[in-house]
Amino acid sequence: MVEGRVCLSKEARNGLEFLKCKRLKRMKSETVSETLGVTGMMSRSGGDSLRASASCGIRLHNHVEPFVTSNGASSGKDAFSKRKVDKFDTSDLEWTEKIPECPVYHPTKEEFEDPLVYLQKIAPEALRYGICKIVSPLSASVPAGIVLMRERAGFKFTTRVQPLRLAEWDTDDKVTFFMSGRNYTFRDFEKMASKIFSRRYCSASCLPGTYLEKEFWHEIACGKTETVEYACDVEGSAFSSSFSDPLGNSKWNLKNVSRLPKSTLRLLDTAIPGVTDPMLYIGMLFSLFAWHVEDHYLYSINYHHCGASKTWYGVPGHAALDFEKVVREHVYTHDILSTDGEDGAFDVLLGKTTLFPPNILLEHGVPVYKAVQNPGEFVITFPRAYHAGFSHGFNCGEAVNFAIGDWFPMGAIASWRYAILNRMPLLPHEELLCKEAMILFTSLECEDTDYSSADLISHHCIKVSFVKLMRFLHHARWSLMKSGACTGLLRNTYGTILCSLCKRDCYVAFLNCNCNMHPVCLRHDFKSLNFSCGRNHTLFLREDVSAMEAAAKRFEKEDGILEDIRQKTRSGDDLYSYPASNKYLSVLDDGYSPYCEINFDFNADIAAIIQDHSQYSNQSTSICGTENFRPEASGTSVACSASTLCPSGELTESSSAANNGLKRLKKLQFERRYDQTLPPECSQTNDESNHNSLSASHRMESPESASKEDRFARGSIIPISIKFKKLVSDEAMRRERENQRLDKFQHELGKTMRESLPIEIGPKRLKIRGPSFLGSESRLD
């Protein structure tokens, strides 16, 4: 019984698989019938958890029908039985000795003080290999087994059953992955795994890594073992909480890494298991992790707590496209690719089920490096580095993700590719970038700040990425107003939401429809949007966009920023754009210049209707002179935590009151443009009056953010110019009516400011929910 699924007969296993296939089919049908706004846990993704329609517990590649033959007998054994795969030549395993080792570092205790500082130091060399190994100078005084059996009383985990064979990777080759195994305690799994090892090798001790590497690939190709069990993605940590444990009390405790000062993920206000919080990986002989890349191309850090070694293979990030090309042309057959081009293989690889020997990569010039990880050692994978590996026996490891400033260019690539494949993002990339950039902007005013060369590299990556984003969004808003597709402007107070068309995360600006159920990022052809609720679209824009653009213009003045951006533009790097937006923006770019003034132009006949806007107490506004309109300034600190991806319910609920007032706005036909910089003649006066008129309840200001807000007073609002079009008939009479309506409009807006309710802010403890579309008509995968 201890050996669990590994010792079940084929008949029992086939019967169990038949039942699981039926369960999968039922879960699939139930998922498709629901909208993408259904709740789900936000977790570290295999490829499946990036898809809204994914099920859990079992994954059958491509086909979900039960493996049943015409006579009723189950053919589930075909999912595990080995067969010769001509495309993978494993007759000669001498190539295992030709894979070079990755760098190995032995930091001193002084160098070991802060992991992110040390990683920045070694990154220029190590990232060329994709992976590296760090030997810890500190040892854990409390073993992982003690932590999991005593400190975490009642700790159990469920394994996954892995097929131990090569796949054809065509539509007829059903590869079963992630089938749920049985529950174990840490001690019971160790007993099972050790028994399997000793039966095979008549030894309880570890064998040489070079020997077991050949044994693994021989077993994969033509051995007798059909399945192994692997406890992957187990929530928790094996680092001790004891004050006497030197490693557990260090910053290298993986529970602390994502929250370190240099970590971008510290800005997230909710935990994401496996990304911000570590997960455990408990393996046995030949349990494996297939070829994959980290979510959003993040860094990863893996610590080996105890047990047998692991063999890792890594491909550096600069060779990622070459890796995917080899997989697309020499591993997968074309009929299983979901899309053409280089993203087809990436889509399937996100499933984390693809395993093939790395000699194929060597044969086609893709660099591969190897690491043998022992207890007490860390393995680091760098952004966009594909990696795979296997265990030499029972062991326990722990891993978590992190990001520093130099990750943002890679994160932009990942967001771009997720959008092309219509996959859910896991992180609010745009929000993280904006907040990091504004924090960096405030720090530039500190003259005594001393940055290392590694910090300057990270800062350069943040600045370039941020300037590219702000330039794109400004151009998109200019095109939006010129197209006349926008019929309203409201303050964006929702944090990050997801585009209902491409699932891109939107933080600075997005469009929404009359029913607030179809948010759209500014990367699509706005005139082609045709939702059932109508064609009126309101632009939601953050009130601190002027401050962000001021920061971007400041960054542009520094040496090398604009040159780097121009070089990337010439090479076709439009990563903050989207394929659909390239053609659209190019059509409307006549007369555009970066950060140019953007104005609203609309017919004065609608002025009487606009006063309904004053009903929105949460969208209070102030007046700049008599012809300028701008949302109320906010003193929100730029150092606040980033939001999670906003579920549909939050935006819909918070907008329900606004819906009533927007009913009359459906008749509006605007041709609008709005200004991103205050007119010189009113900027100083209105900034001062704005500061004097706003009460504490409207400011949303924390003590630490007040000084920052003072520095950004001129850039923390959205000034907008309103220009009335003259009508040809009865001009004098109409002008008088227009002035009366405008006076009434201004009176109502002032009344709204005085009566608006205070907005409470502060840290919140939120339940983690998966990112979802805002609307029932969002496109399904």
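Computed from a prediction, not measured in an experiment: that's the story for all the values here.

Novice: Go over the overall build of the protein, please, and point to the residues and values.
Specialist: Along the backbone of the protein there are 23 helices and 24 strands. A buried classification covers 58% of the 781 residues belonging to the protein. A separation threshold of at least 6 residues defines the contact pool for the protein, and within that pool the share at least 24 residues apart is 85%.

Novice: Can you lay out the sheet that holds strand S12 (residues 369–373) for me, pointing to particular residues and giving the numbers?
Specialist: With antiparallel pairing, four strands are arranged side by side in an open sheet as S9-S14-S11-S12. Sheet topology places strand S9 (288–292) and S12 at the edges, where each strand pairs with a single neighbour. Between one strand axis and the next, the sheet turns by 15° as a mean value, whatever way the strands run. Of the pairings in the sheet, the one linking strand S11 (residues 310–315) to S12 comprises five bridges and is antiparallel in character. Note on S12: the bridge partner recorded for Gly 314 is Tyr 369. On top of the sheet, helix H6 (residues 209–222) reaches S9, S11, S12 and strand S14 (386–391); it is set at about 95° to S14, its chief contact.

Novice: Go over the nonpolar core, please, and point to the residues and values.
Specialist: Considering soluble globular proteins, one finds that nonpolar side chains tend to be buried as a cluster. One finds Trp 291, Phe 323, Tyr 332, Phe 466 and Leu 539 to be the most contacted residues of the largest nonpolar core, which totals 174 residues. Looking at this core, the element that brings in the most residues is helix H13 (residues 453–483), giving twelve residues. One finds Tyr 230, Tyr 281, Trp 312 and Ala 399 within the second-largest nonpolar core, a separate group that totals twelve residues.

Novice: With reference to specific residues and values, describe the packing of aromatic side chains.
Specialist: The description of an aromatic ring pair uses the distance of the two centres, along with the angle that the planes make with each other. Under the defined criterion, the tally for this structure stands at 37 aromatic pairs. Both rings, one in Trp 169 and one in Tyr 332, keep their centres 5.3 Å apart while their planes meet at 70°; by these two values the pair is edge-to-face. You can see Trp 169 sitting in the loop between strand S4 (157–163) and strand S5 (176–177) and its partner Tyr 332 sitting in the loop between helix H8 (320–330) and helix H9 (343–349), a full 163 residues away along the chain. Here Tyr 332 falls in the buried class, since its relative accessible area comes to 4%. Between Arg 182 and the ring centre of Tyr 184, over which it is positioned, the NZ or CZ distance is 4.7 Å. Across the ring face of Tyr 595, the terminal group of Lys 553 is positioned such that the distance to the ring centre comes to 5.6 Å.

Novice: How would you sum up the sheet that holds S4? Please name residues and give values.
Specialist: Note on sheets: strands pair through backbone hydrogen bonds, and any given pair is parallel or antiparallel. Strands sit in the order S2-S3-S13-S10-S15-S8-S7-S4-S6 across an open sheet of nine strands; the sheet is mixed. Whereas interior strands pair on both sides, the edge strands pair on one side only; in this sheet they are strand S2 (104–105) and strand S6 (179–184). Note that S4 and S6 share four bridges and pair antiparallel. Bridging across to S6, Arg 160 finds its partner in Ser 180. Set on the sheet, helix H5 (residues 186–201) makes contact with S4, S6, strand S7 (227–235), strand S8 (279–283), strand S10 (299–307) and strand S15 (395–402); between it and S6 the angle comes to about 110°.

Novice: Account for unusual backbone geometry, naming residues and giving values.
Specialist: Despite not being glycine, Asp 233 has its phi angle at roughly 55°, a positive value. With respect to the helices, strands and loops of the structure, Asp 233 is situated in strand S7. Located in the positive-phi region is Tyr 297, a residue other than glycine, with phi close to 55°. The topology assignment puts Tyr 297 in the loop between S9 and S10.

Novice: Requested: an account of helix H3 (residues 115–126), with residues and values cited.
Specialist: Each α-helix winds once per 3.6 residues, and so residues spaced three or four apart point in a common direction. The terminal C-alpha atoms of H3 lie 14 Å apart, and with twelve residues this falls more than 12% below the ideal 16 Å at 1.5 Å per residue. Taken together, the buried positions of H3 are occupied by Pro 115, Leu 116, Tyr 118, Leu 119, Gln 120, Ile 122, Ala 123 and Ala 126. Packing partners of the buried residues in H3 comprise S2, strand S3 (131–135), helix H7 (254–257), strand S13 (377–381), S15 and H13. Looking at where H3 begins, the residue whose side-chain oxygen comes 2.9 Å from the main-chain nitrogen of Leu 116 is Asp 114.

Novice: Talk me through the state of the cysteines; I want residue IDs and the actual numbers.
Specialist: Covalently bonding the sulfur atom of one cysteine to the sulfur atom of another cysteine gives a disulfide. In this structure the tally under the stated criterion is zero disulfides. Of all cysteine sulfurs in the structure, the one in Cys 533 sits closest to Cys 513, which takes part in no disulfide; the separation is 3.4 Å.

Novice: Break down the side chain of Arg 423 for me, citing the residues and quoting the values.
Specialist: Structurally, the position occupied by Arg 423 is in the loop between helix H11 (408–420) and helix H12 (429–443). Only 2.7 Å separates the side chain of Arg 423 from the side chain of Asp 347, close enough to count as a polar contact.

The rules we used
Residues numbered from 1 in each chain as written. Predicted model: local features only at pLDDT ≥ 70, side-chain atom pairs only at ≥ 80, totals over all residues. Heavy atoms only, no water. Helix = DSSP H or I, 4+ residues; strand = E, 2+ residues; numbered from the N terminus. Buried < 20%, exposed > 50% of the residue type's maximum accessible area, 1.4 Å probe, protein only. Contact = heavy atoms within 4.5 Å. Pairing = 2+ DSSP bridges. Axes fitted to C-alpha atoms, helices over the stretch in contact; angles between N-to-C directions. Core = buried A, V, L, I, M, F, W, Y, C linked by side-chain atoms within 4.5 Å. Phe/Tyr/Trp six-rings, centres within 6.5 Å; stacked < 30°, edge-to-face > 60°. Lys NZ or Arg CZ within 6 Å of the ring centre and 35° of its normal. Expected span 1.5 Å × (residues − 1). Polar contact = N/O pair within 3.5 Å; in protein donor to acceptor, adjacent residues only side chain to side chain. Disulfide = S-S within 2.5 Å.

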